[in-house]
Amino acid sequence: MRIAREVQICRAFVVAALLETLRRREVFVLLVLSVFMVLGAYSFTFFGVHGLELFVKDMGFSSVGLFSSVLGVAVAARQLPEEIQRRTIYPLLARPITRWQLLLGKFAAAWVTCAVSFTALSLVVVLLLTLLRIPPGWIFLQFLYSRYLGFMWLCGFVIFLSTVLSSSGAFTIGLLLTLGSGVFTRLLMFIDGTSGTMKILLTPFCAFLPQYSLFDLTKKLVYGWEPVHPVAILGLTLYGVAISLFWLRMAWLRLRYQAV
Amino acid sequence: MIDAITVDNLVVAYPRPGKPPLRAVDGLSFRVAPGEIVGFLGINGAGKTSTIKSLMGFQPATSGTAILFNKPVQEATSRGNVGFLPETALYSPFLTPHETLWLHGELHGMERSAIRERIQDLLRLVGLSEKAHVQNRTLSKGMLQRVGIAQALLARPRLLVMDEVSSGLDPLGRRDLRNLLKEQRDDGVTIFFSSHQLGEAELICDRILVIHQGRLIAERTIEELRRRVTSLEDFFVTLVESGRDPLLDTREALEALR
């Protein structure tokens, strides 16, 4: 019963967010940009340059990843602050919903919007690459799945930021930490090389750093790797869900008694 | 019978850096019985909106209690029988009135078939059937207020809480709202609304509560006021300037002091 109610709340927010994103036309612009990136990269073949398959694939999937991450940060950053700023939060909170349900609904709205936009962009790029006879391998499905997990982290983290910062502040910091997350992933490699107490202490610390790059399989997809081992994907799934719930819980701790 | 609203010794204080907290609501107590139309009057900054925010759970009370139909406002279920209309009815600019109402119906936990049916009726009632599928950003302030009225009535509430709603409406809109409120009252809906428009209150209220500097300074029925004062405006001005109810007789004044 309670789950059904939460599903209903999430569905309501998801539909509203999808309609809003479509009507803002951001996705259409990103779609056109992605197509231009792929076609632009491929156009070099007309000048006699050959062996560009990797380059074209890289341009296509990297731009899709970048565009959807930026869109994700923007969508997640505006979910709560914009409602508060526009004062549209009042009629929403006047409904018999708890602040946790509001947060969960907003999270679901941002996540599904990111996932749908990313899927649409990726499918267009795949279609284009297939037409250009550069089809991606089966790892493409894992590329999609791991990104969905990454968006969970991204939305949870940015929504938390938006409860402590303004919309623009959450966007800026969220974008910096998302796009610069490769730095923190390198720290993981450093920890892997250590042993003993240092390793025990640093590993959990590292888990709370913005590890968005962990969910990025773009390079593996571009270079045609074999699919990642299912155990690694399972580990990534558990980590993605746990860390997203952690950030959502942090956001709730901030929001639950906050005056709006 | 269970009161629609029970407020007991409510305090809402806002922290100020380097100064003592500002007590926007300062020990407020009142009750609203089911079926009443109660006007919550006061000048700007008197504490009306802070009280309503606290009643709706937007602003946690510093101390005291606020209860809706026997449930503390901290519980989300306390709002199950409440329709709320904010001062400025702003809804997502990229949604249509139909989608806005659908969102609110889902959030309220209504069945999809019931939402569909109710939206049709309400859009007709507020005269927005033709604008049902136009984005909110293209609607005028008055039309948005009508969307707000439909939103507030969506789940057939037993209590309507409204915060200075008539401020955005033209005279025709105000008349329609008045008639709508009277219809709601006839259906047994309790109405609690804040306003600083005395004429409005006089036309539709059963009772008024006057708040000043966060405290309740008068509580009178409209019937009584009509009998005892020549002008509601004079009564209100005297009340606010002196901070004391001019209609209190010596016995009542002593009781109030006690």
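Scope of this entry: the structure provided in the associated data block. This structure is a prediction, so every number in the text was calculated from the model and none was measured.

## A look at the overall build of chain A
In step 1: Secondary structure assignment for chain A yields 11 helices and 0 strands.
In step 2: Seen in sequence order, chain A has helices and strands lined up from the N terminus as α-α-α-α-α-α-α-α-α-α-α.
In step 3: For chain A, the C-alpha radius of gyration of 20 Å lies close to 18 Å, the compact-globule estimate for 260 residues.
In step 4: Along the first, second and third principal axes, the C-alpha set of chain A runs to 65 × 55 × 35 Å.
In step 5: Expressed as a percentage of its 260 residues, the buried residues of chain A come to 52%.
In step 6: As displayed, chain A offers around 12300 Å² of accessible surface, 73% of which is attributable to carbon and sulfur atoms.
In step 7: Positive and negative charge centroids in chain A, built from 22 and 10 side chains respectively, lie 10 Å apart.

## Focus: unusual backbone geometry
In step 1: Backbone geometry places Arg25 of chain A, a non-glycine residue, at a positive phi of 65°.
In step 2: Owing to a relative accessible area of 57%, Arg25 of chain A belongs among the exposed residues under this scheme.
In step 3: If you check the backbone angles, Asn9 of chain B has positive phi at about 55° while not being a glycine.
In step 4: Looking at the element boundaries, Asn9 of chain B is found in strand E1 (residues 5-16).
In step 5: Residue classification places Asn9 of chain B among the partly exposed positions, given a relative accessible area of 45%.

## Side note on helix H4 (residues 141-153) of chain B
In step 1: Under the 1.5 Å per step criterion, the end-to-end length of H4 of chain B is 19 Å for 13 residues, consistent within 8% with the ideal 18 Å.
In step 2: When H4 of chain B is considered as a whole, its buried residues turn out to be Leu144, Gln145, Val147, Gly148, Ile149, Ala150, Gln151, Ala152 and Leu153 of chain B.
In step 3: Of the surrounding elements, those touching the buried residues of H4 of chain B are helix H4 (89-93) of chain A together with strand E6 (82-85), helix H2 (97-108), helix H3 (112-125), strand E7 (159-163) and helix H5 (171-186) of chain B.

## Observations concerning the pairing of strand E10 (residues 215-221) of chain B
Residue and element names in this part refer to chain B.
In step 1: By the bridge criterion, 6 bridges tie strand E9 (residues 207-212) to E10 in an arrangement that is antiparallel. When the sheet's bridge partners are listed, Ile211 is paired in E10 with Leu216.
In step 2: Taken together, E9 and the strand that follows it, E10, pair antiparallel across an intervening segment of 2 residues, in which Gln213 is found at a positive phi of about 50°.

Cut-off values and rules
- Residues numbered from 1 in each chain as written.
- Chains lettered and ligands numbered in written order.
- Predicted model: local features only at pLDDT ≥ 70, side-chain atom pairs only at ≥ 80, totals over all residues.
- Heavy atoms only, no water.
- Helix = DSSP H or I, 4+ residues; strand = E, 2+ residues; numbered from the N terminus.
- Rg over C-alpha atoms; globule rule 2.2 N^0.38 Å.
- Buried < 20%, exposed > 50% of the residue type's maximum accessible area, 1.4 Å probe, protein only.
- Areas by Shrake-Rupley, 256 points an atom, 1.4 Å probe, with all protein chains shown as cover.
- Lys, Arg positive; Asp, Glu negative; His and termini not counted.
- Charge placed at Lys NZ, Arg CZ, Asp CG, Glu CD.
- Expected span 1.5 Å × (residues − 1).
- Contact = heavy atoms within 4.5 Å.
- Pairing = 2+ DSSP bridges.

Structural measurements only, silent on function.
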